[in-house]
Amino acid sequence: MTIATRRGVLGLLSASAALLSRPSRAAETPAASGTAHDACHLTPQSETGPYYLDPKLVRADIAEGRSGVPLALRLRIIEAGSCTPLAGARVDIWHCDARGVYSGFPGQSDNHKVDESGKTFLRGTQMADIAGWAGFKTIYPGWYAGRATHIHFRVILDDATVLTGQTFFPEALNEFIYTNVPDYTGRPKQRFVINANDRVASEADPEHRAYCAVKEQRDHYLATLTLAVSRKAAAPVEMPTGKLPPAPWIKDRLAALVPGLKRSPF
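The rules we used
- The residue numbering used here restarts from 1 in each chain and proceeds along that chain's sequence as written.
- Under the rules for a predicted model, residues below a pLDDT of 70 receive no local features and side-chain atom pairs below 80 are neither given nor counted, while totals for whole chains, interfaces and linings still include all residues.
- Computation of side-chain values: all heavy atoms of the structure, hydrogens and water removed.
- Only DSSP runs of H or I with at least four residues qualify as helices, and only runs of E with at least two residues qualify as strands; both kinds are numbered from the N terminus onward.
- Burial classification: accessible surface area is computed with a 1.4 Å probe over protein chains only, and a residue below 20% of its type maximum counts as buried, one above 50% as exposed, and the rest as partly exposed.
- The contact rule is simple, with two residues in contact once any of their heavy atoms fall within 4.5 Å.
- Residues enter a nonpolar core if they are buried and are Ala, Val, Leu, Ile, Met, Phe, Trp, Tyr or Cys, with the set joined through side-chain atoms within 4.5 Å.
- For every residue, the pLDDT score states the predictor's confidence, bounded by 0 at the bottom and 100 at the top.
- Salt bridges are defined as contacts in which a side-chain nitrogen from Lys or Arg sits within 4 Å of a carboxyl oxygen from Asp or Glu.
- Only when DSSP finds a minimum of two bridges between them are two strands counted as paired.
- Axes here mean lines fitted to C-alpha atoms, for a helix over just the part in contact, with angles spanning 0 to 180 degrees between N-to-C directions.

## Describing the overall build of the protein chain
Right, on to step 1. Looking only at helices and strands, the protein chain features five helices and eight strands.
Right, on to step 2. Beginning at the N terminus, the succession of helices and strands in the protein chain can be written as α-α-β-β-β-β-β-β-α-α-β-β-α.
Right, on to step 3. Taking all 266 residues of the protein chain together, the buried fraction comes to 50%.
Right, on to step 4. Intrachain contacts of the protein chain at a sequence separation of at least 6 include 76% that bridge at least 24 residues.

Here it is, written out as C-alpha cells:
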C-alpha cells in the first residue's frame, strides 16, 4: 500500500475514529489518568503462543516493508504497586502481518502452505527509557483463524522474564480495517473469533487490563498501554498442546453467541 493510500485510509476512518478507538483505563498513563491506581495493578500473564522466537534485533522499526496501516505502539513499563517506571527494562514484541502470517515459521496462512522460516518481520526489542516507555513502528496486525486481533509482548528485567502477555485492539476498528483496507481484505475464510469470544482475551484478561488505547494521528494510528509488572521472574503460560485451539472449540464458542448454531459433537 502506498503512503498516499495509507493516508487516504486514515482519512476515511477519521469520522468514526473517536467512537471506534475509545481508550481503556489500563492504557492511560498515570500522569494523565484519574485512575492512576488502576494502572498499577499487575498486568495479567498470557500464553506465549506458538510463534515466539528471539532474533536479537534491538530496533524500533520492525515492519521490514510489510504492507498495512501504519501503527506506532508505545508500552510503558512500571512496577506494580509503586507505579515506578522501570527504566532499562527490555521489551520484546511480535505479531502477524496483514494476512495473519508470522515471520520465522512454516505452515501458515489460510491454506497452511506459507513458509516464512528465516524471516524476522514484525519482531523487535527495545529498552524502556527513563520514564518507562518503549516504542515501536509497525503495522496494524491482521488476524488468523482461532484468535482475535493481538500483539504479543514480553518484559525482561535483569535477564529474567517478568511478564509475557498480549494486547488487544478495539473490535469495531478491527472490523472496519479488515473490511475496507485492501491489504487486509479478500481472505478466503471468515473471521469468527473476536475479543468477546477469544479464550485468551476473555479468560486470561477478564478485566481488560491489556487492552490498548488507540488514537488516530496524521498518518498512522497510535496504540498505548501501561504494563505493570513484578520484579520476580514469571514463567510464560503455555497452552497444553502448544497449538491453536481446534475447530470444534471455535464452533462451541460461537454457538454461545450465534442463535441457531449447533455445537460440535466432537
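## Here's the deal with the nonpolar core
Right, on to step 1. Counting residues in each nonpolar core, the largest one holds 40 residues, and the members touching the most others are Leu75, Ile77, Ile93, Tyr140 and Tyr184.
Right, on to step 2. Listing elements by their share of this core, those giving two or more residues are β1 (70–79), β2 (90–94), β4 (133–139), β5 (150–157), β6 (160–168), α3 (171–180) and β8 (221–229).
Right, on to step 3. Excluding residues that lie within four positions of it along the chain, Tyr184 makes contacts with Gly68, Val69, Ala98, Arg99, Ile139, Tyr140, Pro141, Gly142, Ile177 and Tyr178.
Right, on to step 4. Residues Tyr51, Cys96, Tyr102 and Tyr144 belong to the second largest nonpolar core, which totals six residues.

## Focus on the confidence of the model for the protein chain
Right, on to step 1. Mean pLDDT for the protein chain: 82, with 75% of residues reaching 70 or above.
Right, on to step 2. Segment residues 1–6 is flagged for pLDDT under 50; beyond a separation of four residues in sequence, or across chains, it makes 10 contacts in the model.
Right, on to step 3. Below a pLDDT of 50 lies the segment residues 240–266, which in the model reaches 32 contacts outside its immediate sequence neighbourhood of four places, other chains included.

## Concerning the pattern of salt bridges
Side chains that carry opposite charge are capable of pairing whenever their charged atoms lie near each other.
Right, on to step 1. Enumeration according to the criterion identifies 15 salt bridges in this entry.
Right, on to step 2. One salt bridge in this structure joins Arg231 and Glu79, with 3.2 Å as the shortest N-O distance. Of this pair, Arg231 sits in the loop between β8 and α5 (247–255) while Glu79 sits in strand β1, and the two are 152 residues apart along the sequence.
Right, on to step 3. Across the salt bridge formed by Glu171 and Arg191, the nearest N and O atoms sit 2.8 Å from each other. Of this pair, Glu171 sits in helix α3 while Arg191 sits in the loop between α3 and α4 (199–204), and the two are 20 residues apart along the sequence.

## Structural notes on the environment of Thr84
Right, on to step 1. Positionally, Thr84 belongs in the loop between β1 and β2.
Right, on to step 2. Considered as a pair, Thr84 and Ala131 are 47 residues apart in the sequence and their alpha carbons are 8.7 Å apart.
Right, on to step 3. Excluding anything up to four places from it in sequence, Thr84 contacts Ile77, Ile78 and Glu79.

## Observations regarding the sheet that holds β1
Right, on to step 1. Taken in spatial order, the four strands of this open sheet run β4-β1-β8-β7, and their pairing is mixed. Two strands in the sheet have a free side with no partner beyond their single neighbour: β4 and β7 (213–216). Strand-to-strand twist in this sheet, taken as the mean axis angle between neighbours without regard to direction, amounts to 20°.
Right, on to step 2. Where β1 and β4 come together, seven bridges link them in antiparallel fashion. Note that in β4 the partner of Pro70 across the bridge is Ile139.

## Quick notes on the sheet that holds β6
Right, on to step 1. With antiparallel pairing, the four strands of this open sheet are ordered in space as β3-β2-β5-β6. For this open sheet the edge positions go to β3 (123–127) and β6, each flanked by a neighbour on one side alone. The mean inter-strand angle of the sheet, taken between neighbouring strand axes irrespective of direction, is 20°.
Right, on to step 2. In the sheet, β5 pairs with β6 via eight bridges, with the strands oriented antiparallel. Bridge pairing in β6 links Leu157 to Ala160.

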